[in-house]
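Inside the fold
Here are the chains, one letter per residue:
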Amino acid sequence: RTALTVETALTFCLTAYLLICLLNYKGIKLKSAALIGVLALSSATAYSYYRFIAYEETILPFTEIKITEELDRYKGEKVLITFSAAWCHNCHALDKELYATEDFKKTFSEYRLLRFDMTDISSSESLKFADKFKIIGVPFVLVLNEKGEAISSYGGILNLEQLKSLALNQRH
């Protein structure tokens, strides 16, 4: 699942604009209906590239959470939460290089694996999570004990060994 971001929308518009400029340069004048068609076609092309080539979909073992109150239902379980965003290159790298691996899934099989999407950093829920867990950027990982208390956290890219250490409450 890839979110349509401001960056993607700007890519669509830039692609369409460049195509229209190229056609005008070649002396081809377009009417309104043709302009709309060119915009739609170039937008679809740019989105296809973005969606299927730039950020291939990766199957991840996380349950999406939308609000902070959802954490209450996981009390009694060890929890690992990742915070990421569609516009975050490092988040995509972690998804592919760590979270999608069988080693990660095996190592953290006894944990409830959750994910919160911070693509809209100004949303009320993003702000609540950021305030509650002192998140200053993504990617961010948080480990909660069975009581729902944060026992360790880390902001940035990490590998499996660092994540294991983090889960054992050895702060970085």
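Report follows, based on the coordinates. (Residues numbered from 1 in each chain as written. Predicted model: local features only at pLDDT ≥ 70, side-chain atom pairs only at ≥ 80, totals over all residues. Heavy atoms only, no water.)

Details of helix 3 (residues 89-99)
Note the following rule: Three labels apply to residues, based on accessible area from a 1.4 Å probe with only protein chains included: buried if under 20% of the type maximum, exposed if over 50%, partly exposed otherwise in between. A run of H or I in DSSP becomes a helix once it reaches four residues, and a run of E becomes a strand once it reaches two; helices and strands are each numbered from the N terminus. Between two residues, a contact is recorded if the distance between any of their heavy atoms is within 4.5 Å.
Listed in full, the buried residues belonging to helix 3 are C91, H92, A93, L94, D95, L98 and Y99. Contact partners of the buried residues in helix 3: strand 2 (79-84), helix 4 (102-107), strand 3 (112-117), strand 4 (140-144) and helix 6 (160-167).

Overview of the pattern of salt bridges
Quick note on the threshold: What makes a salt bridge here is a side-chain nitrogen of Lys or Arg within 4 Å of a carboxyl oxygen of Asp or Glu, nothing more.
According to the stated counting rule, one finds eight salt bridges in the structure shown. The partner of K78 in a salt bridge is E110, with the nearest N and O atoms 3.8 Å apart. Here K78 is found in the loop between strand 1 (63-64) and strand 2, whereas its partner E110 is found in the loop between helix 4 and strand 3, with 32 residues between them in sequence. Among the residues examined, K78 registers a relative accessible area of 26% and is labelled partly exposed.

Topic: the packing of aromatic side chains
Spelled out, the test is: Two rings from Phe, Tyr or Trp (for Trp, the six-membered ring) form a pair when their centres sit within 6.5 Å of each other. Planes less than 30 degrees apart are called stacked, planes more than 60 degrees apart edge-to-face, and all others tilted.
Here the structure, examined in full by the defined rule, presents 10 aromatic pairs. Between Y99 and F104, the aromatic rings sit 5.1 Å apart at their centres with planes inclined by 65°, giving edge-to-face as the arrangement. Among the residues examined, F104 registers a relative accessible area of 0% and is labelled buried. On the numbers, 5.2 Å between centres and 35° between planes, the contact of F104 with F108 is tilted.

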